[in-house]
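A structural walkthrough
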Amino acid sequence: MKLHGALNSPYVRMCMVTALEAGLQDRVTLVPADLTFTKADPKLEKLSAIGKIPILETEHGHGLHDSRVIMEYLCHTAGNKTFLPDDGVKRFRILTLLALAQGLSDATVSLRIETSSRPQGLQWSALIDRLTFRIYACLDDLEQNWAHELQSVNLASIATACTLGYLDFRMDHMKWRNGRPELEKFAKGFNARASMIAAGLPAA
Ligand SMILES: N[C@@H](CCC(=O)N[C@@H](CS)C(=O)NCC(=O)O)C(=O)O
């Protein structure tokens, strides 16, 4: 399988970490693709009309997106039943936490675009304020309500760790650790995992 993308995308990194945690290191290869927000990549668009990374090209040559579908596909391929349990209560807690972590990634990527990529003079300050508020609200929720799910390796804890890694990488000045000791402890432990190190971020 080919995973098209770059590890500086939190979504690509969560897929790669899932592949490694599921024991698929010999079956998934990262194929570098770094996108600009305003230009399409025709090669990638053949695999996904959305043209965003990550895209997984399966062993049958099909294109899968987006990151959540890829993560589930990787678990399915590996026969892994624990990263997204079947049991109803556990499953929907994990899926909700996964959506929270990915929502936090969405807000952080959007804030990065708004503050670093958009041409000077075109920034929208009310949107910057809204995204900033959303980021801190998600971080507070993670700190207060998800300790149990973050204790184990699952799709949601992987996504949370990769999202916090992205905040460190691109939004260090937001100091997400301040006042969030539980989340800091979680990130410290998770970042030491072999999968997170093997799928490490480039220098900021
Ligand atoms: N919901 C998507 C989000 C993917 C996404 O936003 N990828 C960004 C990189 S971090 C991208 O490809 N941006 C290029 C673009 O928007 O054209 C997922 O979970 O995979």
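Here, every reference points to the structure presented above.
Summary of the structure given here. No experiment lies behind these values; they were computed from the predicted model shown.

Pairing is mixed in the open sheet, where 4 strands are placed in the order S2-S1-S3-S4. Because the sheet does not close on itself, it has two edges, and the strands there are strand S2 (29-32) and strand S4 (63-64). Those strands touched by helix H1 (residues 10-21) are strand S1 (2-5), S2 and strand S3 (55-57), and its axis lies near 160 degrees from that of S1.

With that settled, the discussion passes to unusual backbone geometry. A cis amide bond links Ile53 with the next residue in sequence, Pro54, at an omega value of 5 degrees. Within the fold, Pro54 resides in the loop between helix H2 (42-47) and S3. Put simply, His65 and Asp66 share a cis peptide bond, and its omega is -5 degrees. Relative to the helices and strands, Asp66 is located in the loop between S4 and helix H3 (67-78). Even without glycine at this site, Lys175 takes up a positive phi of about 50 degrees. Turning to its location among the elements, Lys175 is positioned in the loop between helix H7 (155-170) and helix H8 (181-191). Look at Lys175 and you get exposed, because 10 C-beta atoms sit within 10 Å.

Among the secondary structure elements, Trp146 is positioned in the loop between helix H5 (125-145) and helix H6 (147-150). Along the chain, Trp146 and Thr132 lie 14 residues apart, while their C-alpha atoms are 21 Å from each other.

Parameters and conventions
Residues numbered from 1 in each chain as written. Predicted model: local features only at pLDDT ≥ 70, side-chain atom pairs only at ≥ 80, totals over all residues. Pairing = 2+ DSSP bridges. Helix = DSSP H or I, 4+ residues; strand = E, 2+ residues; numbered from the N terminus. Contact = placed C-beta atoms within 7 Å. Axes fitted to C-alpha atoms, helices over the stretch in contact; angles between N-to-C directions. Buried ≥ 20, exposed ≤ 12 C-beta atoms within 10 Å, placed from the backbone.

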